[in-house]
Amino acid sequence: MPARSVKNLRKPRADALRNRDRLLAAAKAVFSAGGPDASLEAVARRANVGIGTLYRHFPTREALYEAVYRHEVEQLGELAEKLKGEASPVEALRLWLRSNVEFVATKKGMSAALALAAQANSELMAFSYDRLTKAVGALLDRAVAAGEIRGDVGPEDLLRALIGMCYLHDQPGWQASVVRLLDVFVDGLRVRGDAGSRPGKAST
């Protein structure tokens, strides 16, 4: 096949992949903001594509929600791997938990349709639970092995605490509040006695 023909066949595929990536990024931003503007039309506008392009990639609202959800879970798994090589054990755990706050914000913006998708596809929830538990478990094991985090907590405990903090806060600015609480929570898990010390605290 002539080189030009091969190039012409491959270009639409590359464009389609770029459009899909733009749609996923736009959907995350739109759904995280929530409210009445969290529509598929708003997603298409933010991605700078037509609504027809969106429907070619994601025929239903639920299909888009599921794709965003899976994409976010995969990114959190990849982030855990990256942090293991770039941050100290406690800081890696802290940064990963903080990143989940943004993930939960996206989930909140699409909770109704995502619940429908989960009912129709139980594999979605199993995939999410397994991926996130393994990701945070690896970071937790590293911190425990370094003697920096107490060893009587498990990855499931961390995920339950994180989700509880996020879903108990619904007021504007809730994300900043949860990030602050996560810092307090991680400090409380530290083995060192000075983990919770603050400037000006008298020493004994």
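Everything numeric here is computed off the predicted structure, so don't read it as measured data.

Asker: Any details on helix H5 (residues 89-109)? Residues and values, ideally.
Answerer: Helix length check: H5 (21 residues) gives 32 Å between terminal C-alpha atoms against 30 Å at 1.5 Å per residue, within 8%. Counted residue by residue, H5 has 15 buried out of 21 residues, so it is predominantly covered.

Asker: For the environment of leucine 189, give the residues involved together with the corresponding values.
Answerer: Here leucine 189 is to be found in helix H9 (residues 174-189). Sequence separation between leucine 189 and glycine 151 is 38 residues, and the spatial gap between their C-alpha atoms is 8.9 Å. Not counting the four nearest positions on each side in its chain, leucine 189 is found in contact with Glu148, Ile149, Arg150, Val153 and Leu158.

Asker: Please give an account of the pattern of salt bridges that cites residues and values.
Answerer: In the structure shown here, the tally under the stated rule is 14 salt bridges. In this structure, lysine 28 and glutamate 72 form a salt bridge, with 3.4 Å as the shortest nitrogen-oxygen distance. Within this pair, whereas lysine 28 is found in helix H1 (residues 3-33), its partner glutamate 72 is found in helix H4 (residues 61-86), the two being separated by 44 residues in sequence. Residue classification places glutamate 72 among the buried residues on the basis of a relative accessible area of 6%. Salt bridges sharing partners connect three or more residues here, namely Glu91, Arg94, Arg98, Asp183 and Asp187.

Asker: Before we move on, could you go through helix H8 (residues 155-167) and cite the residues and values that matter?
Answerer: Given a rise of 1.5 Å per residue, 13 residues ought to cover 18 Å, and the 18 Å separating the end C-alpha atoms of H8 matches this to within 8%. Taken as a whole, H8 has its buried residues at Pro155, Leu158, Leu159, Leu162, Met165 and Cys166. Buried residues of H8, seen end-on, are gathered within an arc of 130° and therefore sit on one face of the element. On its buried face, H8 is in contact with H5, helix H7 (122-145) and H9.

Asker: Please give an account of the environment of proline 155 that cites residues and values.
Answerer: For proline 155, the location among the structural elements is in helix H8. Discounting residues that sit within four places of it in the chain, proline 155 has contacts with Thr133, Val136, Gly137 and Leu140.

Asker: Talk me through the packing of aromatic side chains; I want residue IDs and the actual numbers.
Answerer: Two aromatic rings, taken as a pair, are described by how far apart their centres are and by the angle between their planes. As enumerated under the stated definition, the model contains two aromatic pairs in all. Each ring, one from phenylalanine 31 and one from tyrosine 65, has its centre 4.6 Å from the other, and the planes form 90°; the classification is edge-to-face. Pair noted here: phenylalanine 31 is in helix H1 and tyrosine 65 is in helix H4, with a separation of 34 residues, a long-range link. With respect to burial, phenylalanine 31 and tyrosine 65 carry one shared label: buried. Arranged with centres 5.5 Å apart and planes meeting at 40°, the rings of tyrosine 69 and phenylalanine 103 form a pair that is tilted. Taken together, the residues tyrosine 69 in helix H4 and phenylalanine 103 in helix H5 connect sequence positions 34 residues apart. For the pair tyrosine 69 and phenylalanine 103, a shared accessibility class is recorded, and that class is buried. Over the ring of phenylalanine 127 we find arginine 70, and its NZ or CZ is 5.1 Å from the ring centre.

Asker: Mind laying out the nonpolar core, listing which residues take part and the relevant values?
Answerer: With 54 residues, the main nonpolar core has Phe31, Val43, Leu64, Leu93, Trp96 and Leu97 as its most contacted residues. Elements with a minimum of two residues in this core: H1, helix H2 (40-47), H4, H5, H7, H8 and H9. With residues near it in sequence (within four places) discarded, tryptophan 96 still touches Leu76, Leu79, Ala80, Leu83, Leu132, Ala135, Val136, Leu139 and Leu159.

Asker: Explain the packing of H8 against H9 to me, using residue names and the numbers behind them.
Answerer: In a pair of packed helices, the angle between the axes and the distance between the axes together describe the arrangement. Viewed as axis vectors pointing N to C, H8 and H9 meet at an angle of 150°, and their least axial separation amounts to 9 Å. Here H9 runs roughly antiparallel to H8, going by the angle between their axes. The chirality of how H8 crosses H9 is right-handed. Across the interface between the two elements, Leu158, Ala161, Leu162, Met165 and Cys166 from H8 touch Trp174, Val178, Leu181, Leu182, Phe185 and Leu189 from H9.

Each value, and the rule that gives it
- Residues numbered from 1 in each chain as written.
- Predicted model: local features only at pLDDT ≥ 70, side-chain atom pairs only at ≥ 80, totals over all residues.
- Heavy atoms only, no water.
- Helix = DSSP H or I, 4+ residues; strand = E, 2+ residues; numbered from the N terminus.
- Expected span 1.5 Å × (residues − 1).
- Buried < 20%, exposed > 50% of the residue type's maximum accessible area, 1.4 Å probe, protein only.
- Contact = heavy atoms within 4.5 Å.
- Salt bridge = Lys/Arg side-chain N within 4 Å of Asp/Glu carboxyl O.
- Arc of directions from axis to C-beta.
- Phe/Tyr/Trp six-rings, centres within 6.5 Å; stacked < 30°, edge-to-face > 60°.
- Lys NZ or Arg CZ within 6 Å of the ring centre and 35° of its normal.
- Core = buried A, V, L, I, M, F, W, Y, C linked by side-chain atoms within 4.5 Å.
- Axes fitted to C-alpha atoms, helices over the stretch in contact; angles between N-to-C directions.
- Parallel < 35°, antiparallel > 145°, perpendicular 65-115°, else oblique.
- Left-handed = near helix turned anticlockwise from the far one by under 90°.

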